[in-house]
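Below, each chain spelled out in residue letters.
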Amino acid sequence: MAGRAKVDPAELRAAVAAVSTWLRDASAPAPARPELAAAVRTTARTLAAAAPGHSVEVRIPPFVAVQCIEGPRHTRGTPPNVIETDPRTWLLLATGLLHFDAAVADGTVNASGSRAAEVAHWLPITRAVTD
């Protein structure tokens, strides 16, 4: 799991700016893996810092998994409240270009457990840079 250290806001803005064109236009060239990883990790770690806790696990394979939201701590096996999605969908959620309920409805986000949907309260984390 990622640490609880705060992400530098300038680092967050730079990481998201590097992938913003791709987020706004799926036909644009995909970002390089290091750029994509940086954007996913910084947004997920920002969520974990903004909503500290251990009730919900947010998984964005292959880059990161973080725990967030106050409540009972989970320590063994599969957590009872999990959100899992691909990197692009996560970044769309994190930047406000996609709503959580819509992503769950269309199957691009798998949300399980009674508290998983609470993550929506903390979204978006930042905004995509406009050209």
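This section reports on the structure supplied with the text. Chains are numbered independently. Their residues run from 1 in the order of the written sequence. Only residues with pLDDT of 70 or above have their local features reported here, since the model is predicted, and side-chain atom pairs are shown and tallied only from 80 upward, although totals for entire chains, interfaces and linings are computed over all residues. For side-chain calculations, the full set of non-hydrogen atoms in the structure is used, while hydrogens and water are omitted.

**Some thoughts on helix H3 (residues 87–94)**
Within H3, seven of the eight residues are buried, leaving the element largely enclosed by the surrounding structure. Considered for burial, the residues of H3 that qualify are Pro87, Thr89, Trp90, Leu91, Leu92, Leu93 and Ala94. Under the DSSP-based scheme used, a helix requires at least four consecutive residues in state H or I and a strand at least two consecutive residues in state E, with every element numbered from the N terminus. Among the residues trailing H3, glycine 96 stands out with phi positive, at a value near 80 degrees. The rule is simple: take the accessible area with a 1.4 Å probe, protein chains only, and divide by the maximum for that residue type; under 20% is buried, over 50% is exposed, in between is partly exposed.

**Regarding the packing of aromatic side chains**
Pairs were defined over the aromatic rings of Phe, Tyr and Trp, the Trp ring being its six-membered one, requiring ring centres within 6.5 Å. Orientation was assigned from the angle between planes: stacked under 30 degrees, edge-to-face over 60, tilted for the rest. Evaluation of the coordinates by the stated rule reveals zero aromatic pairs. The rule for a charge over a ring is simple: NZ of Lys or CZ of Arg within 6 Å of the ring centre, and within 35 degrees of the ring normal. Over the face of the ring belonging to tryptophan 22 we find arginine 88, whose NZ or CZ atom lies 5.2 Å from the ring centre.

**Overview of the packing of helix H2 (residues 33–50) against H3**
With axes taken as lines fitted to C-alpha atoms, and helix axes fitted only over the stretch in contact, angles between N-to-C directions fall between 0 and 180 degrees. At a closest axis distance of 10 Å, the pairing of H2 and H3 adopts a crossing angle of 50 degrees. In terms of orientation, H2 lies oblique with respect to H3. The way H2 lies across H3 gives a crossing that is left-handed. Mapping the contact onto sequence places Leu36, Ala39, Val40, Thr43, Ala44 and Leu47 in H2 and Pro87, Trp90, Leu91 and Ala94 in H3. Taken together, the residues that form the contact of H2 with H3 break down as nine nonpolar, one polar and no charged. Angle categories are assigned with fixed cut-offs, so that under 35 degrees is roughly parallel, over 145 is roughly antiparallel, 65 to 115 is roughly perpendicular, and the rest are oblique. The handedness criterion is simple: a crossing whose near helix is rotated anticlockwise from the far helix by less than a right angle is left-handed, and one whose near helix is rotated clockwise is right-handed. It only takes one pair of heavy atoms within 4.5 Å for two residues to be counted as in contact. Gly is placed with the polar residues, together with every amino acid not listed as nonpolar (Ala, Val, Leu, Ile, Met, Phe, Trp, Tyr, Cys and Pro) or charged (Asp, Glu, Lys and Arg).

**So, the pairing of strand E3 (residues 82–85)**
When DSSP finds at least two bridges between two strands, those strands are taken to pair. Two elements, strand E1 (residues 56–60) and E3, share three bridges in a ladder whose sense is parallel. Bridging across to E3, arginine 59 finds its partner in glutamate 84. As judged from the four bridges shared by E3 and strand E4 (residues 109–112), these two strands associate in the antiparallel manner. Bridge pairing in E4 links isoleucine 83 to alanine 111.

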